[in-house]
Amino acid sequence: MKGLRFVFWMVWRVWFYVLMAVPILIMFPFLVLSILSDKGYPYFFKMARIWSKFILYGMGFYYIVEREQGLQNNRSYMIVANHTSMADIMLMLAIIKNPFVFVGKQELAKIPLFGFFYKRTCILVDRGNSKSRMEVFNEAQKRINRGLSVCIFPEGGVPDDESILLDSFKDGAFRLAIEHQIPIVPITFADNKKRLSYTFFSGSPGIMRAKIHSEISTTGVTLLDRKNIREQVRDVIYSQLIKFEGKKKKKQFVYLFNKKKS
């Protein structure tokens, strides 16, 4: 039985990369045309959302989104979420309709095919290079001026220890939001780690819950307050993760109780 699970995980993980490649190959000419100019990015973003949903549904994931508020059209936001899975990018694209750009690590640009478009549409950062971190601010300003939003996973990467519920947040996203005076939208992903973590032999099809929280204003806030804003946003996401964990344990208890009765 254990051997069958390992075979399933092997095939399922390979299938993930197949699903990543197929829509890119199908839409390749249109994707290339959409990145030739800044005006084409909204069309690229629409195709990226199709790509993300193709992968999520193809992997057997279905998502449920709770929204405390909707995002306004033609307004820029700083979108932040907890980061635990390779599926975080896909789920973010699937649930947010407003065009945004990711700020992400340069290493992802090395992924065949995906990396070609990633490095031409996202803001890349080398976290070990202070000059690279400064260039992020300039690139973000250009995208915000075009009416786009910016998305950052403020943990700065996925913790090696998967038992960590939520790692500490880095300042970058909050400095950007404050300097450009754009609101911050926290998002909590509940099940992505369970569904598709970075541990190869793990995961399963199933539900992905997400909650889009009310925006946090940065109007009038200065960089001196960035740590307070950072911790406020982290508390929102952490508290929701605890609630999600509580709901999961409650369902498990009810299931076991009903099983014993039957």
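Residues numbered from 1 in each chain as written. Predicted model: local features only at pLDDT ≥ 70, side-chain atom pairs only at ≥ 80, totals over all residues. Heavy atoms only, no water.

For the protein, the name recorded in an unreviewed UniProt entry is 1-acyl-sn-glycerol-3-phosphate acyltransferase, with Flavobacterium kayseriense as its organism. In its Pathway (unreviewed entry) section, the UniProt record describing the protein reads: "Lipid metabolism." (UniProt positions renumbered as here; feature names shortened; annotations may be inferred.)

A.B. asks: Explain the pattern of salt bridges to me, please; I cannot follow it from the model alone.
C.D. replies: A side chain of one charge can pair with a side chain of the opposite charge if their charged atoms are brought near each other. One pass over the structure, following the stated rule, counts 11 salt bridges. For E139, the salt bridge goes to R143, with nearest N and O atoms at 3.5 Å. With a gap of four residues between them, E139 and R143 both fall in helix α5 (residues 130–145), about one helical turn apart. Relative accessible area serves as the criterion here: at 11%, R143 is assigned to the buried category. Salt-bridge contacts for D191 lead to R209; the nearest nitrogen and oxygen are separated by 2.8 Å. Of this pair, D191 sits in the loop between β6 (184–189) and α7 (192–196) while R209 sits in strand β7 (residues 206–212); the two residues are 18 residues apart in sequence, bridging distant segments of the chain. Each of D171, R226, R230 and E231 takes part in salt bridges that share partners, so that together they form one network. (Salt bridge = Lys/Arg side-chain N within 4 Å of Asp/Glu carboxyl O. Helix = DSSP H or I, 4+ residues; strand = E, 2+ residues; numbered from the N terminus. Buried < 20%, exposed > 50% of the residue type's maximum accessible area, 1.4 Å probe, protein only.)

A.B. asks: Looking at this structure, I do not really get a nonpolar patch on the surface. What am I missing?
C.D. replies: Taken together, the side chains of F6, V7, M10, V11, V14, W15, V18, V22, I26, F54, F200 and F201 make up a nonpolar region of the molecular surface, amounting to roughly 1000 Å² of accessible area. With nine residues, the top contributor of residues to the nonpolar patch is helix α1 (residues 2–34). Inspection of the secondary structure puts V7 in helix α1. (Patch = residues over 30% accessible without salt bridge, like charges linked within 9 Å, V, L, I, M, F, W, Y side chains within 5 Å. Areas by Shrake-Rupley, 256 points an atom, 1.4 Å probe, with all protein chains shown as cover.)

A.B. asks: Would you explain the environment of L148 in this entry?
C.D. replies: Mapped onto the elements of the fold, L148 is located in the loop between α5 and β5 (149–152). For the pair L148 and Y41, spaced 107 residues apart in sequence, the C-alpha separation works out to 9.5 Å. Apart from the residues within four sequence positions on either side, L148 is in contact with Y41, S76, P99, V101 and R143. (Contact = heavy atoms within 4.5 Å.)

A.B. asks: Hey, could you run me through the packing of helix α2 (residues 41–58) against helix α3 (residues 88–95) in this one?
C.D. replies: When two helices pack together, their arrangement is given by the angle between their axes and by how far apart the axes lie. Following both chains from N to C, one finds α2 and α3 inclined at 120°, their axes separated by 8 Å at the closest point. What the angle tells us is that α2 and α3 run oblique. Two packed elements cross with a definite hand, and for α2 against α3 that hand is left-handed. Contacts from F45, A48, R49, W51, S52, K53, I55 and L56 in α2 reach M90, L91, L93, A94 and I95 in α3. For the contact of α2 with α3, a count of residues per class yields 10 nonpolar, one polar and two charged. (Axes fitted to C-alpha atoms, helices over the stretch in contact; angles between N-to-C directions. Parallel < 35°, antiparallel > 145°, perpendicular 65-115°, else oblique. Left-handed = near helix turned anticlockwise from the far one by under 90°. Nonpolar A, V, L, I, M, F, W, Y, C, P; charged D, E, K, R; others polar.)

A.B. asks: For this particular structure, what's the right way to read the packing of aromatic side chains?
C.D. replies: Any pair of aromatic rings gets described here by the distance separating the centres and the angle formed by the planes. The final tally for this structure, using the stated rule, is 19 aromatic pairs. Relative to F45, the ring of Y41 has its centre 6.4 Å away and its plane inclined at 40°; by these criteria the two rings are tilted. Pair noted here: Y41 and F45 are both in helix α2, with a separation of four residues, about one helical turn. Of the residues examined, Y41 reaches a relative accessible area of 9% and is grouped as buried. Among the aromatic side chains, those forming a connected cluster through ring pairs are F28, Y41, F44, F45, F100, F102, F116, F117 and F153. Directly above the ring of F200 sits R13, whose terminal nitrogen or CZ lies 5.9 Å from the centroid. (Phe/Tyr/Trp six-rings, centres within 6.5 Å; stacked < 30°, edge-to-face > 60°. Lys NZ or Arg CZ within 6 Å of the ring centre and 35° of its normal.)

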